[in-house]
Amino acid sequence: MSLVGVGVGVGGYFCNNCTSELLVTELVVNCAANYKTLPLAGHKHRPVPGSSHNISKNDPGVQNAVLVSTYTFNNESNDIFFFRVYAIKVAQIQIVKGIKYVLEVTISRTICRKSMSPPSLDKCPFQPEGALQQMFNCHFEVWAIPWKHWSKVTSFVCHPPSRLLPTGSEVARR
């Protein structure tokens, strides 16, 4: 099997002599032996099959993964307020018997209480600056199988944003 710029395409990779019945994983395995860093038309460098690579933060799959991640965080948090995404810093994708999304996001507390009926998170305003404002930097990994309309957060870690440590002169003034 040789790699060329025409043929069956799955996930941005193209092989000739491949049939559309091949699963994504079989396509990657069968083509990996012949695929190194061959440029295809209009592409200088292509990612290695199976490796993760950046994807647009506006991609519908990324947006769905962000939503699933936020709902998971809210369900596992003991906070009385809902959180929602403040910013997406990094979005990556990897083909692994489905799609794995790796997300680096900042989430922020909203004014919507969990005791109220579940809101549409995008309609919940963020907490204003003050004692109730809280933000976290989070790393989420989401496994999605789009053709089954299924997704699951496989891991996440959240921590408060880093605070700058005081310099020597600031410590001396205290």
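Residues numbered from 1 in each chain as written. Predicted model: local features only at pLDDT ≥ 70, side-chain atom pairs only at ≥ 80, totals over all residues. Heavy atoms only, no water.

The name recorded for the chain in an unreviewed UniProt entry is Cystatin domain-containing protein, from Paramormyrops kingsleyae.

Caption draft 1: Representation of the state of the cysteines in the model. One pass over the structure, following the stated rule, counts two disulfides. Each disulfide pairs two cysteine sulfurs, and for C112 the partner residue is C124, the sulfurs being separated by 2.2 Å. Judged by the torsion about the S-S bond (-110°), the C112/C124 disulfide is left-handed. Pair noted here: C112 is in strand β5 (residues 99–113) and C124 is in the loop between β5 and β6 (135–145), with a separation of 12 residues, a long-range link. Linked covalently through their sulfurs, C138 and C158 form a disulfide whose S-S length is 2.1 Å. Of note, the bridge from C138 to C158 carries an S-S torsion of about 115° and is right-handed in sense. With C138 in strand β6 and C158 in strand β7 (residues 150–159), this pair connects stretches of sequence that are 20 residues apart. (Disulfide = S-S within 2.5 Å. Helix = DSSP H or I, 4+ residues; strand = E, 2+ residues; numbered from the N terminus.)

Caption draft 2: Here's a closer look at the nonpolar core. Ranked by size, the top nonpolar core spans 21 residues in total, and within it Y101, L103, V105, I107 and F140 carry the most contacts. Those elements giving two or more residues to this core turn out to be α2 (60–76), β4 (81–95), β5 and β6. The contact partners of I107, leaving out residues within four places of it in the chain, are F73, F83, R84, V85, Y86, Q134, M135, F136 and C138. (Core = buried A, V, L, I, M, F, W, Y, C linked by side-chain atoms within 4.5 Å. Buried < 20%, exposed > 50% of the residue type's maximum accessible area, 1.4 Å probe, protein only. Contact = heavy atoms within 4.5 Å.)

Caption draft 3: Spotlight on the pairing of β7. Pairing of β6 with β7, which is carried by nine bridges, proceeds in the antiparallel orientation. From the neighbouring strand, A144 faces β7, where its bridge partner is S151. Linking β6 to β7, which pair antiparallel, is a turn of four residues; within it H149 sits at a positive phi near 55°. (Pairing = 2+ DSSP bridges.)

Caption draft 4: The side chain of S108, seen in detail. With respect to the helices, strands and loops of the structure, S108 is situated in strand β5. Not counting residues within four places of it along the chain, the set of residues in contact with S108 comprises F82, F83, R84, Y86, F126, Q134 and M135.

Caption draft 5: Seen up close, the pattern of salt bridges. Within the structure shown, the criterion is met by two salt bridges. Between R109 and D79 there is a salt bridge whose closest N-O contact spans 2.4 Å. Here R109, found in strand β5, pairs with D79, found in the loop between α2 and β4; they are 30 residues apart in sequence, far enough to count as distant. Accessibility assignment for this pair places R109 and D79 in one class, buried. Residue K100 pairs with E141 through a salt bridge whose shortest N-O separation is 3.6 Å. In this pair, K100 sits in strand β5 while E141 sits in strand β6, placing the two residues 41 residues apart along the sequence. (Salt bridge = Lys/Arg side-chain N within 4 Å of Asp/Glu carboxyl O.)

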